[in-house]
Amino acid sequence: MYYVPGTTMARLCVRGAEMMYYYCEKKKIPHERVGKLIVATKEDEIPILQTLLERGNANGVKGLEIINAEQIKIMEPNVHAVAALHSPNTGIVDYGAVSRSFQQEIDATKRGKVVLDFNVEKFEHTQEKLVRISGRELHQRGPKKSVVAKKVITCAGLYSDRVGQLAGGASKPRVVPFRGTYYQMKPEFRNVVKRNIYPVPSGGGIPVGVHFTPTVNERRGHQIIVGPGACLSFSREGYFFTDISVRDVFSLFLSFGLVKFAVTNLNLAFGEMYRDVNKKAFIDEARKVVPGIDESMVEESFAGVMAQVFEDTGKAAADFIFERNAFNGTVLNVRNAPSPACTASLAIAREVVDLAADDFKWTK
């Protein structure tokens with residue numbers, strides 16, 4: 001619903017959701033098709049729902065409908081809204097469990113190996129016209145590690161710009177990290193909602209707003225998490241407000257798109273920072289859609305850091321970005337794959353393989 005029709009992001013989100021449901025059923029990974037409400041709390045937000053409905057229909061999302069306040073109260077008694085966009089096929093899954101399943105499949109084939117604790121430092125061509133990737137464990141002097149390949153695909157998330165440059169890619173786009181902090185409902189209040197509850201998008205291209213999400217998680221169990229925020233992080237590993245990296249801060253100032261975004265969205269930028277450090281302000285934002293909650297009903301949960309890319313216009317990049325034929329035609333770089341990257345992951349993988357097959361002249 002959020003993505004512009006015709007973009008790779010829109011196409012792969014819809015296809016990826018179908019593939020993910022099939023994969024989870026096949027591998028018996030716990031998941032639930034809980035549904036989602038994007039709620040308008042004011043009359044002037046209803047046109048936004050109509051736009052999202054039109055986008056979703058154009059993108060092939062099934063079952064979408066706009067429902068009224070009475071219907072919302074039947075579905076979610078604790079939600080305050082004048083209207084909502086209902087997406088019955090939105091689901092939840094533990095993507096940690098999905099990733100572990102991917103690794104198990106790779107190991108089972110005996111054709112691949114997952115190497116952890118490998119901080120990439122250098123790409124180089126060998127005399128045999130192969131690509132050697134060298135590095136070592138993060139924050140360690142050694143031992144040095146290396147792998148050799150005929151062709152390489154990079155997809156480095158928060159470090160996609162730096163790894164991409166090492167692999168012969170361009171200096172842009174630069175990654176801008178945003179921290180997303182979550183709270184969770186205390187056990188006795190976990191039934192406050194039954195499905196995903198989102199506000200209408202706030203604009204600016206970054207946050208979809210503080211929302212409520214049921215979880216099915218191998219480690220944390222069933223929860224209702226509240227969040228995330230979207231606070232600019234001063235470290236790519238900045239899971240706390242006080243985490244600061246001089247290199248990462250310097251990189252922020254080199255992102256012209258971020259500077260322009262911040263200048264044109266000052267209230268949004270400072271508001272997100274304030275909510276990141278102020279629990280009451282954070283929960284006040286959540287109360288716009290579920291007014292019956294208060295600070296005593298939630299407890300601290302986890303935080304994540306999202307990799308975001310900005311265009312020079314000051315807008316968040318509206319599509320996935322693939323950098324092809326880098327390093328003399330031996331590397332394909334995935335330079336931007338934010339949300340819905342988890343939902344779309346299997347479809348993104350298919351897209352990347354198709355691009356690589358074309359670039360690297362692979363044959364079946």
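All figures in this text were calculated on a predicted structure; none of them were measured in a lab.

1. Examining the packing of aromatic side chains
Tallied over the entire structure, the rule returns eight aromatic pairs. Taking 4.9 Å as the distance between ring centres and 40° as the angle between the ring planes, the aromatic pair formed by F261 and F310 counts as tilted. Linking F261 in helix 7 (residues 256-264) with F310 in the loop between strand 15 (298-309) and strand 16 (321-325), this pair joins segments that are 49 residues apart in sequence. Taking the relative accessible area as the measure of exposure, F261 reaches 5% and is therefore buried. Taken together through their ring pairs, the aromatic side chains of F178, F261 and F310 make up a single cluster. One residue, R33, lies across the ring of Y21, its end atom 3.7 Å from the ring centre. In this structure, K36 is placed above the aromatic ring of Y198, and the distance from its NZ or CZ to the ring centre is 3.9 Å.

2. Things to note about the nonpolar core
With 29 residues, the main nonpolar core has I38, L49, L85, F322, L332 and I348 as its most contacted residues. At the level of secondary structure, the elements contributing two or more residues to this core comprise helix 1 (8-27), strand 2 (36-40), helix 2 (46-59), strand 4 (83-87), strand 17 (331-336) and helix 11 (345-359). A total of five residues in this core trace back to one element, the largest contributor, which is helix 11. Every residue in contact with I348, bar those within four places of it in the chain, is listed here: L12, F320 and A341. In this structure, A84, I283, A286 and V298 belong to the second largest nonpolar core, which totals 25 residues.

Parameters at a glance
- Residues numbered from 1 in each chain as written.
- Predicted model: local features only at pLDDT ≥ 70, side-chain atom pairs only at ≥ 80, totals over all residues.
- Heavy atoms only, no water.
- Phe/Tyr/Trp six-rings, centres within 6.5 Å; stacked < 30°, edge-to-face > 60°.
- Helix = DSSP H or I, 4+ residues; strand = E, 2+ residues; numbered from the N terminus.
- Buried < 20%, exposed > 50% of the residue type's maximum accessible area, 1.4 Å probe, protein only.
- Lys NZ or Arg CZ within 6 Å of the ring centre and 35° of its normal.
- Core = buried A, V, L, I, M, F, W, Y, C linked by side-chain atoms within 4.5 Å.
- Contact = heavy atoms within 4.5 Å.

Geometric values such as these leave the question of function open.
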